[in-house]
Amino acid sequence: MSAQNCLGTVEISSHTHAADHGSQVSSAEVAAALGECAPSALQELVAHARRVCFEPHEVLYRQGTVSDTVLFITGGLLKLVAHLANGRARIVRLHRPGSIMGLSGLLKHDHAHTAVAVSRVSALRLPMGALDRLRADDPTTYVTLVERWYGYLREADTWITQFSTGPIRARVARLVTYLSEFQNDSADTQVQLLTCEEMGFILGVTTESVSRTLADFKRRNILVNQDHDYADERYAANVEQLRVIASA
């Protein structure tokens, strides 16, 4: 089965669920979507957005479709998937609260990837027309959105460098280290692993290769499930040892 077909077995039809869309968006939701230092004009705009949520494996939008809305993520984890011409698929980026999805529409581009919820995702949704008005009314604030999009493009280059080169063992170690840093804003070394299939789609290797490498890390106590609940993929990670392996 191709990578694209494997991925398709877990994606369900795209639809959104409104969540209390009649009530005003709170300042905490705006902060989760934009951070504390966002321009006031953008904060005011997002305060009038509509709440939506997506269940795990649900598609937020599909590659090649028109980018006519923007999603400001307030909760959960999602992945961007690129379906390649050879029929394979790659996960090219992960996003968390504070990410802004659909910014390609600023330049009237279609979605370049398919966005899929990994966990339950909450977001604030605005039509692209609202950002077009922002461009006319407050071009300085509008530029901050363009800069955010450029930052995502630069991050994509980092993924190519870190996760597509070197021995599989080193690449898995880099990915686990990245996930630990991505998920934690402090020195916490806990990490919630993705599935072996998802990690394989990021690294461009087989699910079996990822599974064997993770099993070795667990045997060597580089990854330790402290609750001994192997249905829970959250581990304490020896980040120092992972970085040694990653540099190989």
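Here the structure is a predicted model, which means the values were calculated and not measured. (Residues numbered from 1 in each chain as written. Predicted model: local features only at pLDDT ≥ 70, side-chain atom pairs only at ≥ 80, totals over all residues. Heavy atoms only, no water.)

Chemist: Explain the sheet that holds strand 11 (residues 223–224) here, please?
Modeler: Two strands in a sheet stick together by hydrogen bonds in their backbones, pointing the same way (parallel) or opposite ways (antiparallel). With antiparallel pairing, 3 strands are arranged side by side in an open sheet as 10-12-11. Looking at the sheet topology across the chains shown, the edges are occupied by strand 10 (190–192) and strand 11. (Pairing = 2+ DSSP bridges. Helix = DSSP H or I, 4+ residues; strand = E, 2+ residues; numbered from the N terminus.)

Chemist: Before we go on, may I ask you to explain the pattern of salt bridges in this structure?
Modeler: Opposite charge on two side chains lets them pair, provided their charged atoms get close. Tallied over the full model, the rule gives 9 salt bridges. Ionic pairing is found between Glu29 and Arg51, a salt bridge with its closest N-O pair at 2.7 Å. Of this pair, Glu29 sits in helix 2 (residues 27–34) while Arg51 sits in strand 2 (residues 50–54), placing them 22 residues apart in sequence. You'll find Glu29 and Arg51 in the same group, each marked buried. Residues joined in a network through salt bridges with shared partners are Arg169, Asp216, Arg219 and Arg220. (Salt bridge = Lys/Arg side-chain N within 4 Å of Asp/Glu carboxyl O. Buried < 20%, exposed > 50% of the residue type's maximum accessible area, 1.4 Å probe, protein only.)

Chemist: Sorry if this is basic, but what is going on with the packing of aromatic side chains here?
Modeler: Think of a pair of aromatic rings as described by two things: how far the centres are apart, and how the planes are tilted against each other in angle. Using the criterion set out here, one finds 4 aromatic pairs in the structure. Here the aromatic rings of Trp159 and Tyr178 are separated by 5.5 Å at their centres, their planes lie at 80°, and the arrangement is edge-to-face. Placement of the pair is Trp159 in helix 5 (residues 139–163) and Tyr178 in helix 6 (residues 168–183), with a sequence separation of 19 residues. The class of Trp159 is buried, set by a relative accessible area of 5%. Note on Tyr178 and Phe182: the rings are 5.5 Å apart at their centroids and 25° apart in plane angle, and the pair reads as stacked. Of this pair, Tyr178 and Phe182 both sit in helix 6, 4 residues apart, which is roughly one turn of that helix. One aromatic cluster is present, built from ring pairs that chain together Trp159, Phe163, Tyr178 and Phe182. Here Arg96 stacks its cationic end above the ring of Phe182, 4.7 Å away from the centre of that ring. (Phe/Tyr/Trp six-rings, centres within 6.5 Å; stacked < 30°, edge-to-face > 60°. Lys NZ or Arg CZ within 6 Å of the ring centre and 35° of its normal.)

Chemist: Would you mind showing me how to read the pairing of strand 4 (residues 69–75) here?
Modeler: Regular strands place side chains that alternate from one sheet face to the opposite one. In terms of residue burial, strand 4 counts as a mostly covered element, since 6 of its 7 residues are buried. Pairing between strand 4 and strand 9 (residues 121–127): 6 bridges, direction antiparallel. Considered in strand 9, the bridge of Val70 is made with Leu126. The pairing of strand 4 with strand 7 (residues 100–101) spans 2 bridges and is classified as antiparallel. Bridge assignment links Leu71 to a residue of strand 7, and that residue is Met101.

All quantities given are derived from atomic positions and should not be read as evidence of function.
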